[in-house]
Amino acid sequence: MGALDHHNRAGRRLLNTVGFVLGAVLVFVGVAMVVAAGVSFLHREIETGVWISASAVVTAGCGLAMRQLTTKPAGLTLKEGFATVGLAWAVFSLFGALPYIFTGALPNPVDAIFESASGFTTTGFSAISDLTAIPAGVLFWRGLTQWLGGLGVIVLGVIVLPLLGTGGLHLAQAESSGHVLDRLAPRFQQTAIRLLGVYVVITVTEIVLLAFGDMSLFQSIVHTFATVATGGFGTEPTSIAGFSSYTQWVITAFMFLSGISFALHYRAFARPVRYLRNSEFKLYAAILVAACVIVIGGLWVEEGPATAIRTGTFNTVSVATGTGFSNADFGLWRPALQVMLIGLMFLGGMVGSTSGAIKTFRISVLAKAAFADVRRVVRPRAVFVTKVGGDTIANEVVEAVQSFFLFYMFIFMTGTFLLVFIDANLAEGIDLVTAASAVASSMGNVGAGLGQVGPSGGFDGIPQLGKLLLAGLMVVGRLEIFPVLVLFTKDLWRR
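Residues numbered from 1 in each chain as written. Predicted model: local features only at pLDDT ≥ 70, side-chain atom pairs only at ≥ 80, totals over all residues. Heavy atoms only, no water.

Caption draft 1: Layout of helix 17 (residues 360–378). With 19 residues, helix 17 should reach 27 Å at 1.5 Å per residue; the first-to-last C-alpha distance of 28 Å fits that figure. Looking at helix 17, one finds that the buried residues are Thr-360, Phe-361, Arg-362, Ser-364, Val-365, Leu-366, Ala-369 and Ala-372. The inward-facing, buried residues of helix 17 abut helix 14 (279–303), strand 1 (386–388), strand 2 (391–393) and helix 18 (395–422). (Helix = DSSP H or I, 4+ residues; strand = E, 2+ residues; numbered from the N terminus. Expected span 1.5 Å × (residues − 1). Buried < 20%, exposed > 50% of the residue type's maximum accessible area, 1.4 Å probe, protein only. Contact = heavy atoms within 4.5 Å.)

Right, here's the structure in full:
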């Protein structure tokens, strides 16, 4: 009887903690909707503003109700952190869909959830076929969801509603599993505030620079939200192609910056030389430079030097960092270059950046661990250690990275199979290139694909169940797999 009572108390505590945190952050999301409603009113979109305000009332109301039904926890355990993170993004995607449904921008609930999940996970895939028909308030909400998701809605929730103890740290560890959190201060809340400060500074800087070009202030804000978050939502049907070369180069620079660890940005603010002393940054920059050179070389003859350099660099950086903007239809490029772009979808930026995918730290660990295994075959009695930047990587971390890569590839192959299988009964099924690129892009939170979902395509040909699958993969990729997988393990729910 005593064990049963303990289990009941533990279950009630878990539900109370998860409900309290989710309720608090839903209130925050509701406030963000009010900002989008304000933008609608400024653009004299009265009806749209009213409906977005209604969405805010429903969202914040549900959050306040959850707060009333729960009590503030004394702390947050690792189990509760994983449960909160795993459930939070599903909740965000559901409530974030309300402005699309209420305003009629996306009346189909599945399309609205897909759009919302794509925003909060900073993926950038869109179910909207004609952006010119979308009100300014909804366009702003799309960009704002990506900006909030960029640094992590969970981290922002920790700042707005700080919990006692190490609760915030458990949330961030759950959201960024597989790598030691780079803390900038003894208390996690102080670290989060400093990272948010860097995030805001970079955001404001890009808005100013874009406003000096051919973008309006509204366009500058929305595109900056998407760039800094490596999201890819814009205001134009042609993405960035219709803007000037100056604008495209500014966005290219900030896509590159957003793929760098924000903790490194903070540390290098006073001493920029720290960029060059960081081994992960050097690998990240080297891979991007090499990829850009190859793509530019492949476009040189057909496009000419100036266009090849601009479009080659822009699209390579966009795909590699997971931003998803485009200034050319790379679906028309030669097949070898398209294969490279698919490969870059698995790369991502640095750990601690807003990028998704595998990330360069894990790529480095995998490569060096594999090389050590090869050397071990020749010298079986020798002891080899994996080092990154001169630091020895513990075997537990190496094993975690290898497990992450195994799960990542397994989910990619399974997702590709399911997407093709779901569409098998349609007259015009999804081809393998479309399915593989859509799944890779969703898991890596890239937002750029090939085939039917390429720059000149859309999601009209993707069935509703397929969109839900891709939305789920976006969340799995954003949370870096493990926080979602542990929700389905017995160990998480044991006493």
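Caption draft 2: Local environment of unusual backbone geometry. Phi angles above zero are rare outside glycine, and Thr-230 is one such case at about 50°. Along the polypeptide, Thr-230 turns up in the loop between helix 10 (217–228) and helix 11 (245–258). One non-glycine residue with positive phi stands out, namely Lys-359, at about 80°. For Lys-359, the position within the fold is in the loop between helix 16 (335–345) and helix 17.

Caption draft 3: Spatial organisation of a nonpolar patch on the surface. On the surface, Val-200, Val-204, Val-208, Leu-209, Phe-212 and Tyr-246 cluster together into a nonpolar patch covering about 530 Å² of accessible area. If you tally residues by element for the nonpolar patch, the top one is helix 9 (residues 188–211), at four residues. Locating Val-200 in the fold gives a position in helix 9. (Patch = residues over 30% accessible without salt bridge, like charges linked within 9 Å, V, L, I, M, F, W, Y side chains within 5 Å. Areas by Shrake-Rupley, 256 points an atom, 1.4 Å probe, with all protein chains shown as cover. Salt bridge = Lys/Arg side-chain N within 4 Å of Asp/Glu carboxyl O.)

Caption draft 4: Broad picture of the packing of aromatic side chains. Summed over all chains, the structure comprises 18 aromatic pairs. An aromatic cluster of at least three residues, connected via ring pairs, comprises Phe-140, Trp-147, Tyr-199, Phe-225 and Phe-262. Against the face of Phe-233 rests Arg-142, its NZ or CZ located 3.9 Å from the ring centre. (Phe/Tyr/Trp six-rings, centres within 6.5 Å; stacked < 30°, edge-to-face > 60°. Lys NZ or Arg CZ within 6 Å of the ring centre and 35° of its normal.)

Caption draft 5: Geometry of the side chain of Ser-353. Tracing the chain through its elements places Ser-353 in the loop between helix 16 and helix 17. The buried category is assigned to Ser-353, whose relative accessible area is 10%. A distance of 2.7 Å separates a polar side-chain atom of Ser-353 from the backbone oxygen of Met-350. A polar contact of 3.2 Å, which involves the side chain of Ser-353, links it to the backbone nitrogen of Ser-355. (Polar contact = N/O pair within 3.5 Å; in protein donor to acceptor, adjacent residues only side chain to side chain.)

Caption draft 6: Fine view of helix 10. Taking 1.5 Å of rise per residue, the twelve residues of helix 10 would be expected to cover 16 Å, and the 16 Å separating its terminal C-alpha atoms lies within 8% of that figure. Across the twelve residues of helix 10, ten count as buried, placing the element largely inside the fold. For helix 10, the full list of buried residues reads Phe-218, Gln-219, Ser-220, Val-222, His-223, Thr-224, Phe-225, Ala-226, Thr-227 and Val-228. Remark: Thr-230 follows helix 10 within two positions and exhibits a positive phi of approximately 50°.

Caption draft 7: Structural context of the environment of Ser-93. If you trace the backbone, Ser-93 turns up in helix 3 (residues 78–96). Its relative accessible area of 5% is what places Ser-93 among the buried residues. Expressed as a C-alpha distance, the spacing of Ser-93 and Gly-119, which sit 26 residues apart in the sequence, is 8.4 Å. Setting aside residues up to four positions removed in sequence, Ser-93 forms contacts with Ile-113, Ser-116, Ala-117, Phe-120 and Val-475. Of note is the side chain of Ser-93, whose polar atom sits 2.9 Å from the backbone oxygen of Trp-89.

Caption draft 8: Examining the packing of helix 18 against helix 19 (residues 432–443) more closely. For the pair helix 18 and helix 19, the least separation of the axes is 9 Å and the interaxial angle reads 135°. Taken together, the axis directions place helix 18 and helix 19 in an arrangement best described as oblique. In this structure, helix 18 crosses over helix 19, and the sense of that crossing is right-handed. Residues Tyr-408, Ile-411, Phe-412, Gly-415, Thr-416, Leu-419 and Val-420 of helix 18 lie in contact with helix 19, whose contacting residues are Leu-432, Ala-435, Ala-436, Ala-438, Val-439, Ala-440 and Met-443. Residues belonging to the contact of helix 18 with helix 19 are distributed by class as follows: twelve nonpolar, two polar and no charged. (Axes fitted to C-alpha atoms, helices over the stretch in contact; angles between N-to-C directions. Parallel < 35°, antiparallel > 145°, perpendicular 65-115°, else oblique. Left-handed = near helix turned anticlockwise from the far one by under 90°. Nonpolar A, V, L, I, M, F, W, Y, C, P; charged D, E, K, R; others polar.)

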